[in-house]
Amino acid sequence: MLNDITFCIVGAAALVWLLQRLRVRLQLSRAKHRSLTGHSKMARRFARLVPFYEYDEARFFSADAAPGAVAARRRAGFMRLAAYFAEHFVKSAAATAGIVDAVSDLQFTSRYRVPFQFSRFVREHLKAGAFVEASSGVSITDLDGNRFYDLTGSYGVNVFGYDFYKECIERGSARVRDLGPVLGAYHPVTAANVRRLLEISGLDEVSFHMSGTEAVMQAVQLARYHTRRSHLVRFCGAYHGWWGDVQPGVGNPLPARNTYTLQELDPASLTVLRNRKDIACVLVNPLQALHPNAAAPGDSTLVDSGRSAHFDRAAYTRWLMQLRAVCSERGIVLIFDEVFVGFRLARGGAQEYFGVRADMVTYGKTVAGGLPIGVLCGRRPYMRRFREDRPADVCFARGTFNSHPYVMGAMFEFLERLDGETIRETYRNLDAVWDGRAQLLNSKLAAADVPVRVVNLSSIWTIRYLEPSCYNWMFQYYLRAAGLALSWVGTGRLIFSLNYTDADFGRVADLIVSAARAMQGDGWWWADPQLTNKAIKRRVLKEMFQARSFSPLGSISSPRIK
Ligand SMILES: Cc1ncc(COP(=O)(O)O)c(C=O)c1O
């Protein structure tokens, strides 16, 4: 009898426990974005199944079943561009060809500029080269003496213009020259940097690293150490560097077992944060405000015109406030990863811009005046790497080059200039200036009747395409020929430095419009009126199935699709 009762109690308790686990697991599923980007495991599996195939030359120009006359116009336009590239980028292209087989980075970036079905033909004919030799004002100059307006922003490092950074590096180097590359000990400028960073971040302690990736790693390690919880939460599509735990999907050969990828701007994610006991920290990359829940928009995935972007400052601010509240309530460390947006949106970064304070903030890219850097600022309870009462229980993080004197020297110059009147004035009008410029360009694009628009988060822009097309990635080459330098992600991200004058911008706007007109004139945006983005995606999927079935075992094959 007693045994039966015990059995019932234990059984009931086990059932309650199971149901509770199931509820929490369901909450997690509900908080995932429905795209593949929101499902890291599935995305990795899918990526492994995608077979290589490419279009033959005829199909290259008529992947959308365009009529022969349109394909011929495209071919003529393409060959004209190819001739232009061959004539104007001789030395830069030759220098690139000379090292590409030995530099894995270059092989990767050149391969992933456009969707893989088109990639080889583009690589063979449109060789712009990866070398440049000078920068000045808002332009860079390649080995052939071509000057381009710089829209690469040097991955976001270039906030104030290249001349500004040259000055930071030169003056900073002069400041620390007597010490030279002595590591371990600090140069005195470091103390001033620490004071300024704490004032800017409003936080208590700082640690220096060599890259943004390392600063993020350190933030997450410390959050795990102090909360004694295992998991980090990142939001769908957000980039936080290339460390495995923040890159749980495609790009990481191993599964990231201690990472939850949740949907941004979604109450279901707040429910997860409220109910799970294993969450150490939430990582927010405020750049996602431009394209919530979507990965960084690169042209290599631009198979249709489905790229979307829209910045709603009020909505994102509300979201950050909700995150702040739930993190405080649950003892979860809220980390703003400002490696990209820090110092670009406001002097006090995203914290100031959105009016929400984090427990930890990472900075990088621009903050060392153009030299390699990662900085972590945090609240004192989260920054300590040891425990007073458990001397052997430490959280280890060191780096040979952390606080390198030359980096600290250039950082000193950078932070000092931030307080100058010129920069303060730049920050005062920032959004008005860049929103106005985006509007101006959009009205020019509308007047030219081209299916292209821009969307911006301050000086970070992306290009949207209005009509279904599988050729939008060609636009990057028309822009290049027009004298505009884009990074390897192409039209997904244009980054302006804040020293662009209205006159510079006006010139860039006109070049973008004329490049769009040229591309339109060459027929790339011809479309069957029935064509939809969904139909394009469906066709690509069908091609993938076809390509897999070319090989008897379904292994990767390289058929040419005609
Ligand atoms: C938000 C964010 N975090 C981290 C990183 C990684 O920084 P790094 O490339 O210096 O390692 C980046 C780089 O683009 C970034 O944009």
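Note: the structure precedes this text.
Scoring rules and cut-offs
- Residues numbered from 1 in each chain as written.
- Predicted model: local features only at pLDDT ≥ 70, side-chain atom pairs only at ≥ 80, totals over all residues.
- Heavy atoms only, no water.
- Helix = DSSP H or I, 4+ residues; strand = E, 2+ residues; numbered from the N terminus.
- Rg over C-alpha atoms; globule rule 2.2 N^0.38 Å.
- Contact = heavy atoms within 4.5 Å.
- Areas by Shrake-Rupley, 256 points an atom, 1.4 Å probe, with all protein chains shown as cover.
- Lys, Arg positive; Asp, Glu negative; His and termini not counted.
- Charge placed at Lys NZ, Arg CZ, Asp CG, Glu CD.
- Pairing = 2+ DSSP bridges.
- Axes fitted to C-alpha atoms, helices over the stretch in contact; angles between N-to-C directions.
- Salt bridge = Lys/Arg side-chain N within 4 Å of Asp/Glu carboxyl O.
- Buried < 20%, exposed > 50% of the residue type's maximum accessible area, 1.4 Å probe, protein only.
- Near = heavy atom within 4 Å.
- Polar contact = N/O pair within 3.5 Å; in protein donor to acceptor, adjacent residues only side chain to side chain.
- Parallel < 35°, antiparallel > 145°, perpendicular 65-115°, else oblique.
- Left-handed = near helix turned anticlockwise from the far one by under 90°.
- Nonpolar A, V, L, I, M, F, W, Y, C, P; charged D, E, K, R; others polar.
- Phe/Tyr/Trp six-rings, centres within 6.5 Å; stacked < 30°, edge-to-face > 60°.
- Patch = residues over 30% accessible without salt bridge, like charges linked within 9 Å, V, L, I, M, F, W, Y side chains within 5 Å.

## Description of the overall build of the chain
Logical step 1: Helix and strand counts for the chain come out as 20 helices and 16 strands.
Logical step 2: A globule of 562 residues ought to have a C-alpha radius of gyration of about 24 Å, and the chain, at 26 Å, matches this closely.
Logical step 3: Nonlocal contacts in the chain, meaning residues at least 24 apart in sequence, comprise 77% of its contacts between residues at least 6 apart.
Logical step 4: Put simply, the chain shows about 25500 Å² of open surface, and 57% of that area lies on carbon and sulfur atoms.
Logical step 5: Positive and negative charge centroids in the chain, built from 71 and 51 side chains respectively, lie 7 Å apart.

## Here's the deal with the pairing of strand E2 (residues 132–136)
Logical step 1: Of the strand pairs in this sheet, E2 and strand E3 (residues 139–142) are connected by four bridges, and their pairing is antiparallel. When the sheet's bridge partners are listed, Val-132 is paired in E3 with Asp-142.
Logical step 2: Here E2 folds back onto E3, and the loop between the two strands holds two residues, one of which, Gly-137, carries a positive phi near 55 degrees.

## Let's talk about the sheet that holds strand E8 (residues 279–284)
Logical step 1: Spatial strand order, E5-E11-E10-E9-E8-E6-E7: seven strands in an open sheet with mixed pairing. A strand with exactly one partner marks an edge of an open sheet, and here the two such strands are strand E5 (205–209) and strand E7 (259–262). When strand polarity is set aside, the average angle formed by the axes of neighbouring strands in this sheet is 20 degrees.
Logical step 2: Strand contacts of helix H12 (residues 313–330): strand E6 (231–235), E8 and strand E9 (333–337), with the helix running at about 165 degrees to E8, the strand carrying the most contacts.

## Let's talk about the pattern of salt bridges
Logical step 1: As enumerated under the stated definition, the model contains 33 salt bridges in all.
Logical step 2: With a shortest N-O distance of 3.0 Å, Arg-380 and Glu-205 are connected by a salt bridge. Here Arg-380, found in helix H14 (residues 380–383), pairs with Glu-205, found in strand E5; they are 175 residues apart in sequence, far enough to count as distant.
Logical step 3: On the accessibility criterion, Arg-380 (42% relative accessible area) is partly exposed.

## Focus on the site of the ligand
Logical step 1: All residues in the neighbourhood of the ligand are listed as Ser-211, Gly-212, Thr-213, Tyr-239, His-240, Gly-241, Asn-285, Asp-337, Val-339, Phe-340 and Lys-365.
Logical step 2: A distance of 2.8 Å separates an oxygen atom of the ligand from a polar backbone atom of Gly-212.
Logical step 3: Between Thr-213 and the ligand, the recorded distance is 2.6 Å, taken from a side-chain N or O atom to an oxygen atom.
Logical step 4: Out of a free accessible area of 390 Å², the ligand has 83% covered by protein chains.

## A closer look at the packing of helix H17 (residues 430–447) against helix H19 (residues 502–521)
Logical step 1: It is at 10 Å that the axes of H17 and H19 come closest, and there the two elements cross at 30 degrees. As summarised for this structure, H17 and H19 are arranged roughly parallel, according to the angle between their axes. Between H17 and H19 lies a crossing whose hand is right-handed. Here Trp-434, Arg-437, Leu-440, Leu-441, Lys-444 and Leu-445 of H17 come into contact with H19, specifically with Asp-502, Phe-505, Gly-506, Ala-509, Asp-510, Ile-512 and Val-513.
Logical step 2: Considering only residue class, the contact of H17 with H19 consists of eight nonpolar, one polar and four charged.

## Regarding the packing of aromatic side chains
Logical step 1: The full count for this structure, using the stated rule, is 48 aromatic pairs.
Logical step 2: Judged by centre distance (6.0 Å) and plane angle (90 degrees), the ring pair of Phe-164 and Phe-414 falls under edge-to-face. Pair noted here: Phe-164 is in helix H8 (residues 162–176) and Phe-414 is in helix H15 (residues 405–418), with a separation of 250 residues, a long-range link.
Logical step 3: A residue is classified by how much of its surface remains accessible, and Phe-164, at 13% relative accessible area, is buried.
Logical step 4: Residue class for Phe-414 comes out buried when judged on its relative accessible area of 0%.

## Focus on a nonpolar patch on the surface
Logical step 1: A cluster of nonpolar side chains, contributed by Leu-36, Met-42, Phe-46, Leu-541 and Phe-545, occupies part of the molecular surface with about 480 Å² of accessible area.
Logical step 2: Along the chain, Phe-545 falls in helix H20 (residues 533–550).
Logical step 3: According to the relative accessible area criterion, Phe-545 is exposed, its value standing at 60%.

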